[in-house]
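Residue-level structure breakdown
The primary structure of each chain is shown beneath.
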Amino acid sequence: MNSVIPRRRCLAMTAGGLVAGLIGGSRAVEAEPQNRIERLDSRLDAVLGTSPTCEVIGRGFAWAEGPTWDQKRRRLYFSDIPPNKMMSWKSGSGISVWRSPAGAGGAGPGANPGTNGLLYLPGEDALLVCDQDTRSILKYALGRPAAPDVVVRGAAGAAFNSPNDLVMASDGRLFFTDPPFGLDGGLKSIARMRSVNGVYCRAPSGQIALIDGTLVAPNGIGLSPGDQHLYVSVSDAASPWIVRYARAGSGWLRDQSTWFDMSRFLAGNTPGAPDGMAIASNGIVFATAPGGVAILTPEAQLLGMIRTGRATGNCCFGEGGSTLFITSDDILLRVRTKVSGLGFRTL
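Residues numbered from 1 in each chain as written. Predicted model: local features only at pLDDT ≥ 70, side-chain atom pairs only at ≥ 80, totals over all residues. Heavy atoms only, no water.

Description of the overall build of the chain
- For the chain, the helix and strand inventory stands at one helix and 26 strands.
- With 347 residues in all, the chain has 54% of them scored as buried.
- Surface exposure of the chain reaches about 13,800 Å², of which carbon and sulfur atoms provide 51%. (Helix = DSSP H or I, 4+ residues; strand = E, 2+ residues; numbered from the N terminus. Buried < 20%, exposed > 50% of the residue type's maximum accessible area, 1.4 Å probe, protein only. Areas by Shrake-Rupley, 256 points an atom, 1.4 Å probe, with all protein chains shown as cover.)

This is the structure we're talking about:
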């Protein structure tokens, strides 16, 4: 039986115990000391309200990643990568396995099966999936059984490393990162098919262009309102940054300086690295960081942190656009917001 874990306040450190129930459990939840919302600037009130709360709505995962919200079915999808499962969460019914195995099958030598980043397309009622098995991005039509369409796949002899995260612009351009994180050995994997860990853009015509091949470990990716800026997180201990690109004609130009340096969060052996992100309609950036989620203005000013005490993989908006869902290691969190995520519309 599935059930939603009850709400709890996460404003401050407490002496409470750990959550008792696992996925589908029905036991009561006590406060977890590491979960708290840290207010660093009074402007955070306009983003999360004056008394923000958060909930653990699922736990017991091996490594939760890549959440996306299905606006039609009011359902969250996310990847649990090591066990090769795609999970779902829905209010009133809780957590369930949506697809197992998650990967399309046929993982070659050196590739770990499963999925990573997911992206729901409301206009098509379809789900884009970063598929580790085939080192490609696939599109699954929801609501009707059909084999997935291939959206991104390298030509013979030029396969991608392991598409990781993705975001779509309003004109249909698809931006994605391609580090080797889905391969045995990660950055040192001998199964890499490309010499660069790239940031790419796929045009609606299908043509794929490299935006940047100089980043050590590009990971999460996001677009600002109006698609004027592209953000990419770098999951590298020596350069734990978010970099930003501005539109320059038909291409993109990287800012000369690092947009935001996350090395400040690494003190005390805090687990995690810069990873996925979600952008609000007013430009506020929710960026996963060591130990939680950083909340940043478009000017890269830090307003606050959602502290999870865990390596935190990704986040997305859902439930009409004013809820932030967070995949953080073995748990799934929900935080209500005063801002709305980009891309939400009435269906």
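Regarding unusual backbone geometry
- A cis amide bond links Ser100 to the next residue, Pro101, at an omega of 0°.
- Residue placement: Pro101 occurs in the loop between β6 (94-99) and β7 (115-121).
- One non-glycine residue, Asp227, adopts positive backbone phi at about 60°.
- Here Asp227 lies in the loop between β15 (218-223) and β16 (229-234).
- Here Asp227 falls in the buried class, since its relative accessible area comes to 9%.
- Residue Glu319 is not a glycine yet carries a positive backbone phi of 50°.

Looking at the pairing of β15
- Among the six residues in β15, six count as buried, and that is most of the element.
- Alignment of β15 against β16, held across four bridges, turns out to be antiparallel. Across the sheet, the residue bridging to Leu223 is Leu230, located in β16.
- What sits between β15 and β16 in their antiparallel hairpin is a turn of five residues, with Gly226 showing a positive phi close to 80°. (Pairing = 2+ DSSP bridges.)

Some remarks on the confidence of the model for the chain
- Put simply, the chain has an average pLDDT of 88, and 89% of its residues get 70 or more.
- Predicted confidence is poor over residues 1-31, with pLDDT under 50, and the contacts of this stretch with residues over four places away or in other chains come to 76 contacts. (pLDDT = per-residue confidence, 0-100. Contact = heavy atoms within 4.5 Å.)

Things to note about the packing of aromatic side chains
- If you walk through the whole model with that rule in mind, you get 11 aromatic pairs.
- The interplanar angle of 85° and the centroid separation of 5.5 Å between the aromatic rings of Phe175 and Trp252 together place this pair among those described as edge-to-face. Here Phe175, found in strand β12 (residues 174-178), pairs with Trp252, found in strand β18 (residues 251-254); they are 77 residues apart in sequence, far enough to count as distant.
- Residue Phe175 is classed as buried on the basis of its relative accessible area, which comes to 0%.
- Geometrically, the ring pair formed by Phe260 and Phe265 is tilted, given 6.3 Å between the ring centres and 35° between the ring planes. We note that Phe260, like Phe265, is buried.
- Members of the aromatic cluster, connected to one another through ring pairs, are Trp69, Trp89 and Phe325.
- Positioned above the aromatic ring of Phe160 is the side chain of Arg194, whose terminal nitrogen or guanidinium carbon lies 3.8 Å from the ring centre. (Phe/Tyr/Trp six-rings, centres within 6.5 Å; stacked < 30°, edge-to-face > 60°. Lys NZ or Arg CZ within 6 Å of the ring centre and 35° of its normal.)

Considerations on the layout of surface pockets
- Counted as a void, the largest pocket has a volume near 820 Å³.
- Lining the largest pocket are 37 residues, with Leu119, Val167, Met168, Leu342 and Gly343 positioned closest to its centre.
- Within the residue set of the lining of the largest pocket, elements represented by two or more residues are β3 (64-70), β7, β11 (166-168), β15, β20 (277-279) and β24 (314-318).
- Here the element with the most residues in the lining of the largest pocket is β7; it accounts for five residues.
- A per-class count over the lining of the largest pocket returns 22 nonpolar, 12 polar and three charged. (1 Å grid on protein atoms, 1.4 Å probe; cavity = no way out; pocket = protein on both sides within 12 Å on 5 of 7 lines; lining within 4 Å. Points joined across faces, edges and corners; volume = space filled by probe spheres on them. Nonpolar A, V, L, I, M, F, W, Y, C, P; charged D, E, K, R; others polar.)

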